[in-house]
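Structural characterization, general
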Amino acid sequence: MALGLEDNTDENMEGALIARDRVGVQDFVLLDSHTSETAFLNNLRKRYQENLIYTYIGTLLVSVNPYKELDIYTVTQMQLYRGVNFFELPPHLYAIADNAYRVMCSEYNNHFILISGESGAGKTEASKKILQYYAVTCPTTEQLQIVRDRLLLSNPVLEAFGNAKTLRNDNSSRFGKYMDIQFDFKGAPVGGHILSYLIEKSRVVHQNHGERNFHIFYQLLEGGDKDLLCWLGLERNPQKYAYLIQGRCAKVFSINDKNDWKIVRKAFSIIDFTEKDIEHLFGIVASVLHLGNIQFEEDSNGHAIIRDGTQIKWISKVSLLRYPLNVDLAFYARDAVAKAIYGRTFTWLVNKINGSLANKDSTRKTVIGLLDIYGFEVLDTNSFEQFCINYCNEKLQQLLIEMTLKAEQEEYELEGIEWEPIPYFNNKIICDLVEQKHKGIISILDEECLRPGEATDLSFLEKLEEKVGDHAHFVTRKLADQKTRKSIDWVDFRLLHYAGEVTYCAVGFLEKNNDLLYRNLKEVLCNSKNGIIRECFLLSELDNRRRPETVATQFKNSLMSLIEILMSKEPSYVRCIKPNENKEPGKFDDYLIRHQVKYLGLMEHLRVRRAGFAYRRKYELFLQRYKSLCPATWPHWHGPAAEGVERLIKHIGYKPEEYKLGRTKIFIRFPKTLFATEDAFEFRKHLLAMSLLFFFLPVSRLQAKYKGCLGKREYQKKREAGRSSGTEDSLLQAVLSSRSCCFGRFLWLASVLAWPAGTGKGSEPCSRAPWQGETLIPPRCFQYVTPVIKYDRNGFKPRDRLLVLTQSSAYVVEMAKIKQKIDYATLKGISTSNLSDGIVVIHVPEDNKQKVENCDVATGGLWLEARACS
Ligand SMILES: Nc1ncnc2c1ncn2[C@@H]1O[C@H](COP(=O)(O)OP(=O)(O)OP(=O)(O)O)[C@@H](O)[C@H]1O
């Protein structure tokens, strides 16, 4: 594995990393006092203070936002984690990503990584880092580079249009995102698909103090060149635009709008946006800004007229609206248009990106989904948006409970595994309060929305009190003081969420839930000169002849389908923790963190993990996968699967404390045990692949080919010429030049050059695969042959190679060519990794510059990774 070649700093990095991570325990399961929240916090704090932001609870990763750049996300680090069992290295996001990827490749199933935590806890950063990890470490081809770039660059575009500075987070996601990365059967990323959830449109027209509008507005003004701004009729100064200055913080210290603009512009071209698309997109961004500056005054008929026509001149590039309204309604309509245009453009953007990420080839693909959705939010004033965001977080918490705490404990009971139930808070009761048909808050809100002219936000509030007033997690303003000892304003209601209580201001709930746009405004937009606007509004007109679903109901339905998507995949979890409210590096606010540990259910998770099992599998599946590891079960086991598994694990040597046998499944307590079994299986697969070749290519034919490469006489001559290194070179070259190929040239080469010993006479080949532990004794001058990955010095690129050891030299061989040769006489040493990664470094003097015919003499160091054939 590429740790940095001869670079001493990098070479020592792994050791330093592991040494440094002896702070506290890397897995909370190892804490002496696993029931104590204080011990949990002490461990988290101790590690955080040493910049060790990641800690496991079994296979779940807890991450504490460092609020500073750490040197743990380099390419070298990624290579370090690639293909290594995750308990062998310090906890890291890369380990979680790699584990999901490896299981996906070997079991050919779908996965998702759920990243959760409150706003500012580090979810978006984590999801970007995982995506980068796959982009760097997965195999790829030149053709696929474009997919990789598009996957990576979709992020800055979506962030520009969907993220904004809030009080909690300078780069807060104001929409939910679920991204599937699609992989082909070789594990190469070949496409992707994004689902987006409810963008916070209200931000376009209103921002709280200390907050900004979406980044793209500021990026365009700061980074757009003069000609572009002139064409759009914009001034560079954001203070000139009413929609940009309500939060009074157009400039943010931590954000470089100019730079971000450049990245977004570049991303557009990579993601395949046409110049026309880009022109229309910026036209829309500019129109929203111009719309915000329109002011109305009353004419003699009481109708609103526009005070100054300048803005309209620019907007009419997009559309022109004329309709008599009073002044208040005119302002309302203006904002409604701005929100509608922006919201639909965002949806258009996501669709466009999906078009460019789509993989048209119909072969089966596996996916890893990354879920990064706005975190739980409690503001000074919480509105309809916070209600939706927090409901979404309730649903995700419920999913986690369903898939871990609940499912796990129920399964032990069902399987007859002795188990002491561990209590936990199940937030289903809150989900029901919000989403239940006819009785839940969303249904009540929708009912009120069906009474236009009669219903108001206050009547909604009254209905709430009437219908859910006595619910344990709902606090009416009438009962506020008794229940929580805190008073509550007359327009508010309070929900006791799993993550804490939130008081919502009901003002605006009806309007935001209805999200209506005057019909004639829609018609105007359908005829817009701007292609994107036309597309967005025409489509929705065709779709929505009936009364459209309300915003909350649409959101509820999309969350339900998301949960369904997730339930069908294998989960991995990252729980992000926000260490303080001030975005300050190194500050560990005990009170705040204790609260998150509590509501994230981390203690319950720890208790279940400690008492439970890391892995479980149906007997049939377990046996099917690993039966080749035991002579009694290979190739067929005729008895019941449970007995086969028992025989198998006895043969492999599982200790009693490592597993339990349930009614239909085997339960394995530690990940270590499973990984060791998986490693043995990989090794076995390699040997089996060889045996297949021997079966199909009888040995005599192999030998004939082998000899035939040179011509019988020449072969004989060379063989007899002894062990001179020159003979080895040409013999090897001759075998490599042969074109014959059966199941893949690589395996063929490996099998021609080596075969198992102990069954034939002397070094005669045999026609079955060797059992584990048997050695490969190669014929004549070839001592040992194995597929390896060689890491290039330039960029650590992995290359598939064969390592061939002869009497006097080691060769690194490509398909038909000897690439490098190391004469044993020049060898300075060999280092092997102490992990199960199979890394070997062959040390050769730097000044070994002689040239051997047709191949390079290796100098410096050669980094190789042993590789199993699959
Ligand atoms: N691993 C990290 N290393 C360095 N800084 C980080 C890391 N994770 C998060 N941060 C910092 O914290 C900020 C907030 O993180 P992020 O945007 O990922 O939060 P979030 O949980 O996605 O919040 P929201 O729900 O509001 O979108 C980042 O902009 C960055 O400055």
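Residues numbered from 1 in each chain as written. Predicted model: local features only at pLDDT ≥ 70, side-chain atom pairs only at ≥ 80, totals over all residues. Heavy atoms only, no water.

**As for the overall build of the protein**
The condition that has to hold: Helical segments are the DSSP runs of H or I of at least four residues, strand segments are the runs of E of at least two, and each set is numbered from the N terminus. We call a residue buried when its accessible area falls under 20% of the maximum for its residue type, exposed when it is over 50%, and partly exposed in between, using a 1.4 Å probe and counting protein chains only. Two residues qualify as a contact provided that any one of their heavy atoms is within 4.5 Å of a heavy atom in the partner residue. Per-residue and other accessible areas follow the Shrake-Rupley method at a 1.4 Å probe size, with only the shown protein chains counted as cover for residues.
Helix and strand content of the protein: 31 helices and 27 strands. Counting only residues that meet the buried cut, the protein has 56% of its 870 residues in that class. If you take every contact in the protein between residues at least 6 apart in sequence, the share linking residues at least 24 apart comes to 66%. Accessible area for the protein stands at about 38,400 Å²; split by element, carbon and sulfur atoms hold 52% of it.

**What about the UniProt feature "binding site: ATP" (unreviewed entry) in the protein?**
We apply this condition: UniProt positions are given in the numbering used here, feature names are shortened, and annotations may be inferred rather than shown by experiment.
Those places that UniProt annotates as "binding site: ATP" (unreviewed entry) correspond, in this numbering, to Gly 117, Glu 118, Ser 119, Gly 120, Ala 121, Gly 122, Lys 123 and Thr 124. As for its position among the elements, Ser 119 is in the loop between strand S3 (111-116) and helix H6 (123-137). Overall, the relative accessible area of 5% leaves Ser 119 in the buried class. Discounting chain neighbours no more than four positions away, the residues touching Ser 119 are Arg 168, Asn 169, Ser 172, Gly 375, Phe 376, Glu 377 and Lys 578. With respect to the helices and strands, Ala 121 occurs in the loop between S3 and H6.

**Details of helix H11 (residues 275-292)**
Note the cut-off: Here, expected helix span is obtained from the residue count minus one, scaled by 1.5 Å.
Along its 18 residues, H11 runs 26 Å from first to last C-alpha, staying within 8% of the 26 Å computed at 1.5 Å per residue. For H11, the buried fraction is high: 15 of the 18 residues fall into the buried class.

**Remarks on the nonpolar core**
Which entries qualify depends on this criterion: Among buried residues, the Ala, Val, Leu, Ile, Met, Phe, Trp, Tyr and Cys ones that are joined through side-chain atoms within 4.5 Å form a nonpolar core.
Ranked by size, the top nonpolar core spans 179 residues in total, and within it Tyr 134, Phe 161 and Phe 493 carry the most contacts. Looking at this core, the element that brings in the most residues is helix H13 (residues 327-357), giving 15 residues.

**Things to note about the site of the ligand**
Defined as follows: To be near a molecule or strand, a residue needs just one of its heavy atoms within 4 Å of it. Contacts described as polar in this section are N or O atom pairs within 3.5 Å, which, within protein, must combine one atom able to donate a hydrogen with one able to accept it, while residues neighboring in sequence count only if both atoms come from side chains.
Near the ligand you find 19 residues, and of these Asn 65, Ser 119, Lys 123, Thr 124 and Ser 172 are the closest. Taking Ala 121, its main chain carries an N or O atom lying 3.2 Å from an oxygen atom of the ligand. The contact in question runs from an oxygen atom of the ligand to an N or O atom on the side chain of Asn 169, over 2.9 Å. For the ligand, whose accessible area on its own is 630 Å², the fraction buried by protein is 89%. Of all elements in the fold, only H6 and strand S5 (172-173) reach the threshold of two or more residues within the shell around the ligand. It is H6 that contributes the most residues to the shell around the ligand, three residues altogether.

**Things to note about the environment of Glu 402**
Locating Glu 402 in the fold gives a position in helix H14 (residues 384-415). Between the C-alpha atoms of Glu 402 and Lys 428, which are 26 residues apart in sequence, the distance is 9.5 Å.

**Regarding the packing of aromatic side chains**
Where we set the bar: Working definition: rings of Phe, Tyr and Trp (its six-membered ring) pair if their centres are within 6.5 Å, and the pair is stacked with planes under 30 degrees apart, edge-to-face with planes over 60 apart, and tilted otherwise. We call a charge positioned over a ring when the NZ of a Lys or the CZ of an Arg lies within 6 Å of the ring centre and within 35 degrees of the ring normal.
Within the structure shown, the criterion is met by 37 aromatic pairs. Between Tyr 412 and Trp 419, the ring centres sit 4.4 Å apart and the planes meet at 40°, which makes this aromatic pair tilted. Each member of the pair, Tyr 412 as well as Trp 419, is classed as buried. Between Phe 493 and Phe 509, the aromatic rings sit 5.7 Å apart at their centres with planes inclined by 75°, giving edge-to-face as the arrangement. Of the two residues, Phe 493 is situated in strand S12 (residues 492-497) and Phe 509 in helix H19 (residues 509-514); the sequence distance between them amounts to 16 residues. On the basis of relative accessibility, which here comes to 1%, the residue Phe 493 falls in the buried class. Given a relative accessible area of 0%, Phe 509 falls into the buried group. Members of the aromatic cluster, connected to one another through ring pairs, are Tyr 73, Tyr 81, Tyr 94, Tyr 101, Tyr 133, Tyr 134 and Phe 183. Of note, Arg 212 hangs over the ring of Tyr 218, and the distance from its end group to the ring centre comes to 3.9 Å. We note Arg 669 situated over the ring of Phe 613; from NZ or CZ to the ring centre the distance is 4.4 Å.

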